[in-house]
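Letter by letter, the chains look like this.
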Amino acid sequence: MGEARHIAVLTSGGDAPGMNATIRAVARCALDRDWRVSGVRDGYGGLMRGDFEELGSRSVAGILHRAGTMLGSSRAKAFREPSGRARAAQQMRDAGIDALVVIGGNGSQAGAWTFASETGLPVVGIASTIDNDLFGTEATLGVDSALHVILQAIDQLKVTASSHRRASVIEVMGRDCGYLALMAGVAGGAEAIVIPEAELPAEAIVREIRAAYDRGKSHALVVVAEGSSSNARALEAYFADRPEELGFETRVTVLGHVQRGGSPTPFDRMLGSRLGADAVAALAADEVGVLCAWKQGAVARLPLAEVVGKRKQLSKELLELGRVLAR
Ligand code: F6P
């Protein structure tokens, strides 16, 4: 490709705290090399429309500490079709853009890889999703901030649950990945952690709650991943007929999108800054078709081909640790 002179950056899929820090780093590191940078509005949707905005150093000022994405994001169905991707490639060529940085999660990186393979355009991905479900990377942008919000909610729920001697069920995001629930469950001291990777039938959850009651605990906490078959609504219905079996009265909270809106933690601001800088360095080195990720405490570049379509494995040991620590 030679040295890229005009790059574009977009954010795609669910927004994640730290995306703005990443956009800022991509823009300023590219400007530092005297490249032109365009922000793409609304993810792949904007790429197909040719909705570009030239970014200067001041355009990315004042966003480092903000959650969300200044560029906007979308889940553009039309980009899943070859015709949508061809349209996007044409828009890039028409605007004189010769490389693309995609900040996003699993689906977005799969799209990035297909786009790069079909069009030959240089693409670099940045691992970003609160779900932390991308294969090969230990942390994705936003997961630390999301966990911060979840733990705050758990701590507060435990207070009121204790006051009323209740069992509190909290459902967290993650799509079909249980990472957020597992971490929040261990760090929040849950009596039961329910994740799609290790489903727990409703009868077993009732037993855990009852055991906490019999041990004289003032409350019980159950953290469930939204992708589990025993999700919050299913458990609420199941518990309704069994007040005696449970011992505790129960309340259910579905935390929802609040998990994505917390201020980016120092870790996510640093991660975004480093991954954004690395994406520009990768383009400068002609190392394209890669995902800028986080491995063993450092930035790592992984071939997108080896990342997309694979499932991250969760630690069964951690699940067991959570069980032991909740005794
Ligand atoms: O992928 C991030 C995520 O927040 C998932 O955890 C969740 O299932 C999904 O996005 C929600 O998507 P939407 O914002 O489209 O409702």
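The following paragraphs examine the structure supplied in this document. The structure displayed is predicted, hence computed values, not measured ones. (Residues numbered from 1 in each chain as written. Predicted model: local features only at pLDDT ≥ 70, side-chain atom pairs only at ≥ 80, totals over all residues. Heavy atoms only, no water.)

### Focus on the environment of G96
Heads up, the rule is: Secondary structure is summarised from DSSP: a helix means a run of H or I of at least four residues, a strand means a run of E of at least two, and numbering begins at the N terminus for each.
Along the chain, the position of G96 falls in the loop between α3 (82-94) and β4 (99-104). Expressed as a C-alpha distance, the spacing of G96 and R58, which sit 38 residues apart in the sequence, is 22 Å.

### Observations regarding the nonpolar core
The following threshold applies: Buried Ala, Val, Leu, Ile, Met, Phe, Trp, Tyr and Cys residues form a nonpolar core when they are joined through side-chain atoms within 4.5 Å. Here the term buried applies to any residue with accessible area under 20% of the maximum for its type, exposed to any over 50%, and partly exposed to those in between, with areas from a 1.4 Å probe on protein chains only. For each domain, the first and last residues come from an automatic or database assignment. Every residue pair with non-hydrogen atoms within 4.5 Å of one another is taken to be in contact.
With 57 residues, the main nonpolar core has I7, V101, I170 and L180 as its most contacted residues. Of all the elements, helix α5 (residues 143-164) adds the most residues to this core, at eight residues. When we break this core down by domain, the ones giving at least three residues each are domain 1 (6-142 + 264-307) and domain 2 (145-261). For V101, the residues in contact, after removing those within four places along its chain, are I7, A8, V9, L10, V26, V124, I126, A279 and L283.

### A few points about the pattern of salt bridges
The test is simple: Each reported salt bridge corresponds to a side-chain nitrogen of Lys or Arg within 4 Å of a carboxyl oxygen of Asp or Glu.
One pass over the full model with this rule turns up 19 salt bridges. Residue E54 is joined to R36 by a salt bridge in which the shortest nitrogen-to-oxygen separation is 2.7 Å. On the criterion of sequence distance, the pair formed by E54 in strand β3 (residues 52-54) and R36 in strand β2 (residues 36-40) is long-range, its members being 18 residues apart. Residue classification places R36 among the partly exposed positions, given a relative accessible area of 42%. Members of the salt-bridge network, linked through shared partners, are R41, D42, R49, D51 and E53.

### Side note on the site of the ligand
The following threshold applies: Whether a residue is near a molecule or strand is decided by its heavy atoms; if any one of them lies within 4 Å of it, the residue is near. Throughout this description, a polar contact denotes any pair of N or O atoms lying within 3.5 Å of each other; where both atoms belong to protein, one of them has to be capable of donating a hydrogen while the other can accept it, and for residues adjacent in sequence the pair is counted only when both atoms sit in side chains. Each accessible area value is a Shrake-Rupley result obtained with a 1.4 Å probe; residue values ignore everything except the protein chains displayed when judging cover. Residues are grouped as follows: Ala, Val, Leu, Ile, Met, Phe, Trp, Tyr, Cys and Pro are nonpolar; Asp, Glu, Lys and Arg are charged; all remaining types, including Gly, are polar.
The environment of the ligand is made up of R75, I130, D131, M173, G174, R175, E226, H257 and R260. At a separation of 2.6 Å, an oxygen atom of the ligand approaches a polar side-chain atom of D131. In this structure, E226 approaches the ligand through a side-chain N or O atom, which is 2.4 Å from an oxygen atom. Compared with its free state, where it exposes 400 Å², the ligand has 74% of that area covered by protein. The class makeup of the residues in the shell around the ligand is two nonpolar, two polar and five charged. Two domains each donate at least three residues to the shell around the ligand, and these are domain 1 (6-142 + 264-307) and domain 2 (145-261).

### Some points on the sheet that holds strand β9 (residues 249-254)
Heads up, the condition is: Here, any two strands with at least 2 DSSP bridges between them count as paired. Lines fitted to the C-alpha atoms define the axes, with helices restricted to the stretch that makes contact. Angles between their N-to-C directions range from 0 to 180 degrees.
Taken in spatial order, the four strands line up as β7-β8-β6-β9 in an open sheet, and their pairing is parallel. Each having just a single partner strand, β7 (192-194) and β9 make up the two edges of the open sheet. In this sheet, neighbouring strand axes are inclined to one another by 15 degrees on average, regardless of whether the strands run parallel or antiparallel. Along the sheet, helix α7 (residues 202-214) contacts β6 (166-172), β7 and β8 (220-225); its crossing angle with β8, the most-contacted strand, is approximately 155 degrees.

Keep in mind these numbers describe shape, not what the thing actually does.
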